[in-house]
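Observations on chain architecture
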Amino acid sequence: MSAISIQSVSKRFPNGFEALKGIDAEIRSGSFTVVLGPSGAGKSTLLRLMNGLETPTTGMVRIDGEIVDRRKVRHIRSRVAMVFQQFNLVDRLSVVTNVLTGRLAHRSWVGSVFYLFRQEDLGIAREALCRVGLIDKAWSRADKLSGGQQQRVGIARALAQRPKVILADEPVASLDPVSSEEIMTLLREICDRDGITVVVNLHQVDLARRFADRIIGMNGGRIVFDGKPEEMTQSVLRTIYQREGIEDDTSLDMALAYA
Amino acid sequence: MTPALIWRWPTPNGLPPLPLVGGVLALLAGLWLTAPIVEVDFVRLIGSFGRMLAFAGQMFVTPDWEYVPQLLAKMLETIEMTVLSTAIAIVVSLPLGILAASNATPHPVVYRLTRDLLSLMRALPELVWALVFVSAVGLGPLPGVMALAFVTVGFMGKFFAESIEVVDHKAVEGVRAHGAGWLQVRLFAMLPQALPDFVGTVMYILDHNLRAAAILGLVGAGGIGYDLVMSMRLFQYDRLLLIALAIYVVVTVLDRASDRLRSRIIHGRRA
Amino acid sequence: MNVHDLKSARPQPLPPKPRNPMPVWVAATLAMLWLIVWDLEISFETLAYGVEDMAEYFSRYGQPDFTDLSRYLYLMGVTLATALWGTVFALLVAFFLAPLAARNFAPNVVTYRIARETLNFMRAMPDLLLALIFVAALGLGPLPGALALGVHTAGFLGKFFAESLERVDKGVCEGVASTGANFAQMVMYAGWPSILREALGYVLYILDRNVRMASVLGLVGAGGIGLALHDTLRLFDYGQSAALILVILATILIIDYASAWLRRRLD
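Predicted, not measured: the structure shown is a model, and the values here were computed from it.

**Focus: the overall build of chain C**
- Along its length, chain C carries 11 helices and zero strands.
- Mapped in sequence order, the helices and strands of chain C form the string α-α-α-α-α-α-α-α-α-α-α.
- A principal-axis box enclosing the C-alpha atoms of chain C has dimensions of 90 × 65 × 35 Å.
- Counting the 267 residues in chain C, one finds 47% classified as buried.
- Put simply, of all contacts in chain C between residues at least 6 apart along the chain, 71% involve residues at least 24 apart.

Here it is in structure tokens:
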């Protein structure tokens, strides 16, 4: 059964830029999918559509059979967690409180606006922090942590939502190679152990090859490749990273030679 | 750990942080203690609701159209007082601002003295100075302009000094390295850098002075304030309505204009 | 242009200097100021002659009369209490209105516009006018003064808060929104914690301002020390007026320093 189903989705921004030009894809429940492509290919927009942060111009996105639309967006978001490139934590709140924001949609607003949480929510937050190995930083302020640690808090926040799907938008683009490795391993492990569907945007070919079950290659708002990592040949990579209007791109060949 | 409680705060002991609790309790205690002094009485508040509505109802009258020419003259006077006092304040504040900026002042003692002078000047509200100046030079817009200029020098000098203190040090050193003199450094390196901030300050002061000028008439210091109080005391709601409307329009127009100018300056700086 | 062109190029005249409109502006401003002075019938001669009179006049304030000091201090206390209540009232109103008046938090455009316009209206009404109205409805005393200060400064505080909220990082908002938080939760988790320090600075500034204003609200019958000053000035009792002015001055300076100290501690 597919967790996410994208049906002829296109997105045109108010400034006229067409980020997505007719996308169709089904993402199997419990799979680890990497969306690969150069910057500006529309990867980010695609992910944000799945969480309702953007609305499609035409077509529709279904999560577990439910259409993502304005009225149901909070309900959808409670089950579709998001991890961001810039972590997007609330700097001045403690790590625990940041993780607890993952519980907000599951609780009425009466207690939560006074920062009151149920004992069980704190248990969930503690569990999530243990999973990402940051339980000793629980009471630190979020902005006192390093980038890699902040991203792990971001993942703990996503875990605290008890989600069906985790969407990660360039989760390692702002991190050093060691932290990147840790974060990708963590996401892979979450997918394998909890059966959570994970969709990750990446622009690093090697990471995509090593961690993904399935790779969706995007370029210019279209899907140009969809298959297993081992099917991604050098010529496929050329299609994914091809720049518009450039026939013989030597710098592309050189870059891909090292990928 | 208190496992019996279902609800807890996200802190190590499950209770809200002590400084926060202390602060809120202190504030509540302060309010509770001062309530009898301020004569806070909720029964009276609710009881007055009817009178408030009645008052609002009285405002729905046919405006006194014959009053309009006098209204316009008085509003013009209010605006003129605002502009003139702001202009005087700018001229006086610029040198004082340089003396009161820690990086531009000729001597720490001068810095301290100017700072204290400025804070003394802005300590008392315009209305108190207007009362004093009216007693000194008689009724009319002159004591109003004097009071406005006097108090806003205190504010403007401080704001100018603060914008001079945050100018980029490198440009100042660059000009100094080329052998510029004391005054040249201040005029050609510091002031141009602080200029966008100055414009923001002037807009803010203009706004402040307009609001103040509108009420100075209360003590006979010119502007629309006198008519405002008189129409209130004589229950001339047909005039009061027009006056309130005129103040609202002028203040709002200036407010929007200064918002737009400020965002343009910030934008210009980014480019 | 290549090297050859550079060699053969004759020295060219400088392009014409762009016209500097500065002198025109200065002249226009001076002309306008002169017009204003003329229209307000301000005579600098009388002002100059008046300087001597003024010096004499101010010398009358030379001997402050502190015999009634305890009463003055009590009146100053009333004034401070009025300012405190006004500020707390403003804070409460602004706390609820500001998120609605911040473009990025407001649930929809209609509430945004209504909240913005409400704040604008509160700001545009001078607090003295409001005090007059509230005195008419509530009778004399500090309460109408506190209400007037509250309503007027709620407009300021709400606008300041809303502008700070609009500067909250878009990513942080999305981070909290992506968990499915509702409006109230967005405001409490992404909004207020991010602007806490700025907001406290604004509250201190407004408290400072309200103390200044509260000390003159007495003029329209809203209690406090302003009424006493008005009365002594009317009776030409310069000694008592000087004492009252000194009490106000000292209080405001103390508050000035205290709030500057608090602001430094916050940073």
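**Notes on the overall build of chain A**
- Check the secondary structure of chain A and you find 10 helices and 11 strands.
- Each principal axis of the C-alpha distribution contributes one length, and for chain A these read about 60 × 40 × 35 Å.
- Across chain A, the fraction of contacts at a sequence separation of at least 24, relative to all contacts at a separation of at least 6, is 68%.

**Let's talk about the sheet that holds strand β6 (residues 80-83) of chain A**
Residues and elements named next belong to chain A.
- Pairing is mixed in the open sheet, where six strands are placed in the order β6-β8-β9-β3-β10-β11. The open sheet is flanked by β6 and β11 (222-227), the only strands paired with a single partner. Within the sheet, the average angular offset between the axes of one strand and its neighbour, ignoring direction, is 20°.
- Judged from the four bridges that link them, strand β8 (residues 165-168) and strand β9 (residues 197-202) form a sheet pairing that is parallel. Within β9, the residue paired with V165 across the bridge is T197.
- Sheet strands in contact with helix α7 (residues 177-194) are β3 (32-36), β8 and β9, and its direction is about 155° off that of β9.
- On the sheet, helix α9 (residues 234-241) packs against β3, β10 (214-219) and β11 and is oriented at approximately 155° with respect to β11.

**Section: the packing of helix α3 (residues 68-99) of chain B against helix α6 (residues 141-165) of chain B**
All names here are of chain B.
- At a minimum axis distance of 7 Å, the contact between α3 and α6 shows a crossing angle of 40°. With respect to each other, α3 and α6 are oriented oblique. Considering only the axes of α3 and α6, their crossing is right-handed.

**Brief notes about the interface of chain C and chain A**
- Each partner contributes residues to the interface: chain C has 18 residues there, and chain A has 22 residues.
- The set of elements that each furnish at least two residues to the side of chain C that touches chain A consists of α8 (170-177) and α9 (183-217) of chain C.
- Sort the elements by how many residues they give to the side of chain C that touches chain A and α9(C) lands first, with eight residues.
- Within the side of chain C that touches chain A, the residues separate by chemical class into nine nonpolar, eight polar and one charged.

**Side note on the interface of chain C and chain B**
- At the interface, 43 residues of chain C touch 41 residues of chain B.
- A class-by-class count of the residues in the side of chain C that touches chain B yields 34 nonpolar, six polar and three charged.

**Considerations on helix α5 (residues 126-137) of chain B**
- Over its 12 residues, α5(B) runs 16 Å from end to end, which matches the ideal 16 Å to within 8%, given 1.5 Å per residue.
- Counted residue by residue, α5(B) has nine buried out of 12 residues, so it is predominantly covered.
- For α5(B), the full list of buried residues reads E126(B), L127(B), V128(B), W129(B), A130(B), L131(B), V132(B), F133(B) and V134(B).
- Against α6 and α8 (182-216) of chain B together with α9, α10 (225-234) and α11 (238-266) of chain C lie the buried residues of α5(B).
- After α5(B) finishes, the residue G138(B) shows a positive phi value of roughly 95°.

**Some words on the environment of V167(B)**
All names here are of chain B.
- The residue V167 is located in the loop between α6 and α7 (169-177) in this model.
- Taking the C-alpha atoms as reference points, V167 and I6, 161 residues apart in sequence, are found 54 Å from one another.
- Each residue touching V167, except ones within four places of it in the same chain, is listed here: V172, M190, Q193 and A194.

**Focus: unusual backbone geometry**
All names here are of chain A.
- Its identity as a non-glycine residue notwithstanding, N88 has a phi of 55°, on the positive side.
- By the secondary structure assignment, N88 is in the loop between β6 and α3 (95-100).
- On the basis of neighbour count, N88 is assigned to the buried category, with 24 C-beta atoms found within 10 Å.

**Some thoughts on α10(C)**
- In terms of burial, α10(C) is largely enclosed, as eight of its 10 residues are buried.
- What α10(C) keeps buried is the set I225(C), G226(C), L227(C), A228(C), L229(C), H230(C), T232(C) and L233(C).
- Of the surrounding secondary structure, the elements contacted by the buried residues of α10(C) are α5 of chain B together with α4 (69-97), α9 and α11 of chain C.
- Looking one or two places after α10(C), you find F236(C), whose phi comes out positive at around 55°.

**A few points about the environment of L195(B)**
- Considering the arrangement of structural elements, one finds L195(B) in helix α8.
- A tally of 13 C-beta atoms within 10 Å means that L195(B) is categorised as partly exposed.

**Some thoughts on the sheet that holds strand β5 (residues 66-67) of chain A**
Residue and element names in this part refer to chain A.
- Read across the sheet, four strands follow the order β2-β1-β4-β5 without closing on themselves; strand pairing throughout is antiparallel. Looking at which strands have only one partner, the edges of the open sheet turn out to be β2 (18-28) and β5.
- Judged from the eight bridges that link them, strand β1 (residues 2-12) and β2 form a sheet pairing that is antiparallel. In the strand pairing of β2, S5 is matched with E26.

**Comments concerning the pairing of β10(A)**
All names here are of chain A.
- Among the six residues that make up β10, five are buried, leaving the element largely enclosed by the rest of the structure.
- Pairing of β3 with β10, which is carried by four bridges, proceeds in the parallel orientation. Considered in β10, the bridge of L36 is made with G217.
- Sheet analysis places β10 next to β11, joined by five bridges and oriented antiparallel. Across the sheet, residue I215 finds its bridge partner in β11, namely G227.

**Focus on the confidence of the model for chain C**
- Per-residue pLDDT for chain C averages 84, and the proportion of residues at 70 or more is 95%.
- Both confidence scores are given for the complex: pTM 0.84, ipTM 0.82.

**A word on the pairing of β9(A)**
- Most of β9(A) sits out of view: six of its six residues are buried.
- The β-α-β motif built from β8(A), the intervening α7(A) and the parallel element β9(A) has right-handed crossover chirality.

Reading the values: the criteria
Residues numbered from 1 in each chain as written. Chains lettered and ligands numbered in written order. Predicted model: local features only at pLDDT ≥ 70, side-chain atom pairs only at ≥ 80, totals over all residues. Helix = DSSP H or I, 4+ residues; strand = E, 2+ residues; numbered from the N terminus. Buried ≥ 20, exposed ≤ 12 C-beta atoms within 10 Å, placed from the backbone. Contact = placed C-beta atoms within 7 Å. Pairing = 2+ DSSP bridges. Axes fitted to C-alpha atoms, helices over the stretch in contact; angles between N-to-C directions. Parallel < 35°, antiparallel > 145°, perpendicular 65-115°, else oblique. Left-handed = near helix turned anticlockwise from the far one by under 90°. Nonpolar A, V, L, I, M, F, W, Y, C, P; charged D, E, K, R; others polar. Expected span 1.5 Å × (residues − 1). pLDDT = per-residue confidence, 0-100. Right-handed = clockwise from strand over helix to strand, strands pointing away.

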